[in-house]
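What follows is the residue order along each chain.
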Amino acid sequence: MTDNLNIEKLMAYKIPQARDDYDPRDAILYALGVGTGLSNKIDETSLLFERDLQVLPTMALVLGTPGFWPMAPGSGLDWLNILHGEQRLKIFDPLDAFGTMIGETKVTDVADKGVGNAALVRAVKELRTPSGLLVAEASEVWVARGAGGFGGARDLPGDPLPPVPDRDPDFEVLLPTSLAQAATYRLSGDRNPLHIDPDIAQSVGFDRPILHGLSTMGLVGRALIHACCGSIAKNLHEIGSRFIAPVYPGDTIRTHIWQDNDIIQFRAEVMERKQTVIDNGLAKISTVVV
């Protein structure tokens, strides 16, 4: 046990089940929270207009989730020292514009990077309809800074996300974020004050509130949909990436994309700082015939 992690409490903690009834208003609010409609070069009306609305597949990341659960006192985590390290999502059944989703999230694995270093915590969410149909599975990795040293395995089980190819990308997509994007994204469920409170952000080493990693991931998902899926949202079936550095609301994101049939790899950078913010990106799509 360290000051930042009580491993016994963490492994015993039962993350609350979450149920969400959602409709087109929620889907549009989510889309706004990942920057939809800000580009003057891409028509995204179909993601923002209830008539023939397309639901972004990454919305499955916020459905059936009890908010930022590491803030719960019973989790054994010091939430102020938690960063989002990695996220993966598999979609088994495309999201409709209306629905009810039930999420069950469990901590499955913990890794110990050593005394004075981080601990890694993996939690997996299964998202189902009330009838039990599995719609999506999401796997998140939290980095608990300074929480290592409890004696666990050094690495999480499973295959790591692969590096991107060592060649020029096949596509590049440039998408802006807004100054209000973190404030908007919070309304989809993640109320971590790191993304809205300047004092909290500065207390953990950031100049100002940062954008949610999952908002950035939703933005990058849009880039993949437009570049590789013919702007058909349901053709994106799987997406995963590592979060490398923070994005600030108002930053512009350039996504570099490599495509090999239905396998997509990607990396994203903040244009203003020439800094990689998402790496080791991997996605699977339905091949679109144009």
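Residues numbered from 1 in each chain as written. Predicted model: local features only at pLDDT ≥ 70, side-chain atom pairs only at ≥ 80, totals over all residues. Heavy atoms only, no water.

J.: What am I meant to see in the overall build of the protein here?
T.: Secondary structure summary: the protein contains five helices and 10 strands in total. Dimensions of the protein, computed from the C-alpha atoms along their principal axes, are close to 55 × 45 × 35 Å. Long-range pairs, those at least 24 residues apart, make up 73% of the contacts in the protein between residues at least 6 apart in sequence. Carbon and sulfur atoms provide 51% of the accessible area of the protein, an area that totals close to 13200 Å². Considering the protein, the positive charge centre built from 27 side chains and the negative charge centre built from 37 side chains are found 1 Å apart. (Helix = DSSP H or I, 4+ residues; strand = E, 2+ residues; numbered from the N terminus. Contact = heavy atoms within 4.5 Å. Areas by Shrake-Rupley, 256 points an atom, 1.4 Å probe, with all protein chains shown as cover. Lys, Arg positive; Asp, Glu negative; His and termini not counted. Charge placed at Lys NZ, Arg CZ, Asp CG, Glu CD.)

J.: What exactly am I supposed to notice about the pattern of salt bridges here?
T.: Oppositely charged side chains may form a pair once their charged atoms are brought near each other. Within the structure shown, the criterion is met by 11 salt bridges. The closest approach of N and O atoms between Arg222 and Glu44, which form a salt bridge, is 2.8 Å. Highlighted residues: Arg222 in helix α5 (residues 213–228) and Glu44 in the loop between α2 (24–33) and β2 (82–91), separated in sequence by 178 residues. Classification of Arg222 as buried rests on a relative accessible area of 1%. The class for Glu44 is buried, based on a relative accessible area of 4%. As a salt-bridge pair, Lys113 and Asp155 come within 2.8 Å of each other at their nearest N and O atoms. Highlighted residues: Lys113 in the loop between β3 (99–112) and β4 (119–128) and Asp155 in the loop between β5 (134–144) and β6 (171–176), separated in sequence by 42 residues. Classification of Asp155 by relative accessible area gives exposed; the value is 53%. The network of salt bridges with common partners includes Glu172, Arg254 and Glu269. (Salt bridge = Lys/Arg side-chain N within 4 Å of Asp/Glu carboxyl O. Buried < 20%, exposed > 50% of the residue type's maximum accessible area, 1.4 Å probe, protein only.)

J.: Explain the pairing of strand β9 (residues 263–270) here, please?
T.: Of all eight residues in β9, six are buried, a share of seventy percent or more. Here strand β8 (residues 252–260) pairs with β9 via eight bridges, running antiparallel. Considered in β9, the bridge of Ile253 is made with Val270. Connecting the antiparallel pair β8 and β9 is a turn made up of two residues, with Asn261 showing a positive phi of about 60 degrees. Taking the residues that link successive antiparallel strands as the turn, the β9-strand β10 (residues 275–285) hairpin has four residues, and the phi of Lys274 there is positive, at about 50 degrees. (Pairing = 2+ DSSP bridges.)

J.: When you look at the state of the cysteines in this model, what are you seeing that I'm missing?
T.: As used here, a disulfide is simply a covalent bond connecting the sulfur atoms of two cysteines. Tallying each qualifying case throughout the model produces zero disulfides. Cysteine Cys228 shares no disulfide, and the gap to the nearest cysteine sulfur, in Cys229, comes to 6.2 Å. Exposure remark for Cys229: the relative accessible area of 0% places this residue in the buried category. (Disulfide = S-S within 2.5 Å.)

J.: Teacher, can you tell me more about α5 here?
T.: Given 3.6 residues per turn, any residue in an α-helix points the same way as the ones three and four places further on. If you check α5, its first and last C-alpha atoms are 22 Å apart, about what 16 residues at 1.5 Å a residue would give, namely 22 Å. Judged by how many residues are buried, α5 sits mostly within the fold: 14 of 16 residues are covered. (Expected span 1.5 Å × (residues − 1).)

J.: Honestly, the sheet that holds β3 in this entry has me stumped. Any pointers?
T.: Taken together, 10 strands build an open sheet; the order of strands is β1-β3-β4-β5-β2-β7-β10-β9-β8-β6 and the sheet is antiparallel. In this open sheet, the two strands that pair with only one neighbour each are β1 (18–22) and β6. Direction aside, neighbouring strands of the sheet carry axes that sit 20 degrees apart on average. Where strand β7 (residues 236–243) lies against β10, six bridges are found, and the strand directions are antiparallel. (Axes fitted to C-alpha atoms, helices over the stretch in contact; angles between N-to-C directions.)

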